[in-house]
Amino acid sequence: MIRRTTVLFLAALLPLLAGAGQAQAAGYRYWSFWERDGSAWTYATVGPSLSRPADGDVQGFRFSVSEDSGDAAKPRGATGFDTICAKTPAKDGTKRVALVIDFGTPGDAPSGEKPPAGRTACAQVAEDATTAEALASVAEPLRYDSNALLCAIAGYPAKGCGEQVATDGKDSSPAETAETAGSAGSAEDDGGSGPSVGLIAGAAVVVVLGAAAVWQVRRRA
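None of the values given here were measured: they were computed from a predicted structure.

A. Here's a closer look at helix H3 (residues 131-138). When H3 is considered as a whole, its buried residues turn out to be Thr131, Ala132, Ala134 and Leu135. Viewed end-on, H3 has its buried residues packed into an arc of 160°, placing them on one side of the element. Tucked inside the fold, the buried residues of H3 contact strand S1 (26-37), strand S3 (58-66), strand S4 (94-102), strand S5 (119-126), strand S6 (143-144) and strand S7 (150-152).

B. Structural detail: the state of the cysteines. Summed over all chains, the structure comprises 2 disulfides. A disulfide bridge connects Cys85 with Cys122, and the sulfur atoms are separated by 2.1 Å. Looking down the S-S bond of the Cys85 and Cys122 bridge, the torsion is 105°, so its handedness is right-handed. One end of the pair, Cys85, is in the loop between helix H2 (81-84) and S4; the other, Cys122, is in strand S5, with 37 residues separating them in the sequence. For the pair shown, Cys85 and Cys122 are each scored as buried. At a sulfur-sulfur separation of 2.0 Å, the disulfide partner of Cys151 is Cys161.

C. Inspection of the pattern of salt bridges at higher detail. This model, assessed by the stated rule, comprises 4 salt bridges. Of the charged contacts in the structure, one is a salt bridge between Arg29 and Glu163, with a shortest N-O distance of 2.9 Å. Here Arg29, found in strand S1, pairs with Glu163, found in strand S8 (residues 163-166); they are 134 residues apart in sequence, far enough to count as distant. According to the relative accessible area criterion, Arg29 is buried, its value standing at 2%. Relative accessible area serves as the criterion here: at 9%, Glu163 is assigned to the buried category. Put simply, Asp102 and Arg62 hold a salt bridge, and the shortest N to O gap is 3.6 Å. Separated by 40 residues along the polypeptide, Asp102 in strand S4 and Arg62 in strand S3 bring together distant segments of the chain. Judged by relative accessible area, Asp102 falls into the buried class, the value being 4%.

D. Representation of the packing of aromatic side chains. Counting across every chain of the model gives 6 aromatic pairs. An angle of 55° between the planes, with centres 5.4 Å apart, marks the rings of Trp31 and Phe63 as tilted. In this pair, Trp31 sits in strand S1 while Phe63 sits in strand S3, placing the two residues 32 residues apart along the sequence. For the pair Trp31 and Phe63, a shared accessibility class is recorded, and that class is buried. Relative to Tyr156, the ring of Phe63 lies with its centre 5.3 Å away and its plane at 70°, an arrangement referred to as edge-to-face. Pair noted here: Phe63 is in strand S3 and Tyr156 is in the loop between S7 and S8, with a separation of 93 residues, a long-range link.

E. View of a negative patch on the surface. Taken together, the side chains of Asp92, Glu127, Asp128 and Glu133 present a region of like negative charge at the surface. By the secondary structure assignment, Glu127 is in the loop between S5 and H3.

F. Layout of the pairing of S3. Most of S3 sits inside the fold, with 8 of its 9 residues counted as buried. As judged from the 8 bridges shared by S1 and S3, these two strands associate in the antiparallel manner. From the neighbouring strand, Trp34 faces S3, where its bridge partner is Gly60. With 5 bridges joining them, S3 and S4 adopt parallel strand pairing. Within S4, the residue paired with Phe61 across the bridge is Ile101.

G. Looking closely at the side chain of Ser32. Examined against the element boundaries, Ser32 turns out to sit in strand S1. By relative accessible area, which is 2% here, Ser32 ends up buried. Discounting chain neighbours no more than four positions away, the residues touching Ser32 are Tyr43, Gly60, Phe61, Arg62 and Ala73.

What counts, and at which threshold
Residue positions are given per chain, counting from 1 as you read along its sequence in written order. Local features in this predicted model are restricted to residues of pLDDT 70 or higher, and side-chain atom pairs are both shown and tallied only at a pLDDT of 80 or more, whereas totals for entire chains, interfaces and linings draw on every residue. Heavy atoms from the whole structure form the basis of all side-chain values; hydrogens and water molecules are not counted. Note on classification: 1.4 Å probe, protein chains only; a residue is buried when its accessible area is under 20% of the maximum for its type, exposed when over 50%, partly exposed between these limits. Going along the chain from the N terminus, every DSSP run of H or I of four or more residues is numbered as a helix, and every run of E of two or more is numbered as a strand. Throughout, the arc means that of the directions going from the helix axis to the C-beta atoms. Whether two residues touch is decided by their heavy atoms; if any such pair falls within 4.5 Å, the residues are in contact. The disulfide criterion used throughout: a pair of cysteine sulfur atoms within 2.5 Å. Within this document, salt bridges are pairs made up of a side-chain nitrogen of Lys or Arg and a carboxyl oxygen of Asp or Glu, the two lying within 4 Å of each other. By convention, a stacked pair of Phe, Tyr or Trp rings (six-membered ring in the case of Trp) has centres within 6.5 Å and planes under 30 degrees apart, an edge-to-face pair has planes over 60 apart, and any other such pair is tilted. In this scheme, patches are assembled from residues that exceed 30% relative accessible area and form no salt bridge. Like charges are connected within 9 Å, while nonpolar side chains (Val, Leu, Ile, Met, Phe, Trp, Tyr) are connected within 5 Å. Note that accessible areas follow from Shrake-Rupley with a 1.4 Å probe, and for residues the cover is restricted to the protein chains shown. Charge counting treats Lys and Arg as positive and Asp and Glu as negative, with His and both chain ends excluded. Charge coordinates come from a single atom per side chain, which is NZ of Lys, CZ of Arg, CG of Asp or CD of Glu. Two strands form a pair only when DSSP identifies at least two bridges running between them.

And the structure:
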């Protein structure tokens, strides 16, 4: 009888535990950095301060809320280098880098802010310039945090930097950022800080209801 009652209680608890985990689902609001190969965007493997594009390259930035690089939103638009840099002739000692800057959607915007319209720009910079330097030449002001994480392009957003947000887009933990969580945009890599609040709450529910089940069975006996 006790075994059967325990099984029934555990079965009833599964939806509660699932809901507790889902309630903690979150992402990060940040600028992601992309490189274009032909017509396809690929998530950059290094940051803009380390990337050194070649003349003719197309690179992009997208502001959005995402859990990690696997589900990060890509820059929108298919405009290529020839169009973006059509009015910027080649010049000795420099290179031209086509930049696509996508400020995201209203749903990704911080509270009280509205994303500007997306833009493209042709940055003509020194041959050894980084992507960060190319971006600074066409989209100031840029804003970085103390860990050199890119926080704002052309002043957007006005505040915040890689903050953790709930899946509905509302801030859930302003103190924790994509940088402090271990890797930019990763909501799953928490640096080994321990079990989630949802898991702890679910375990507590199991203990309380399990004890209640045993008490009820003994009472009936």
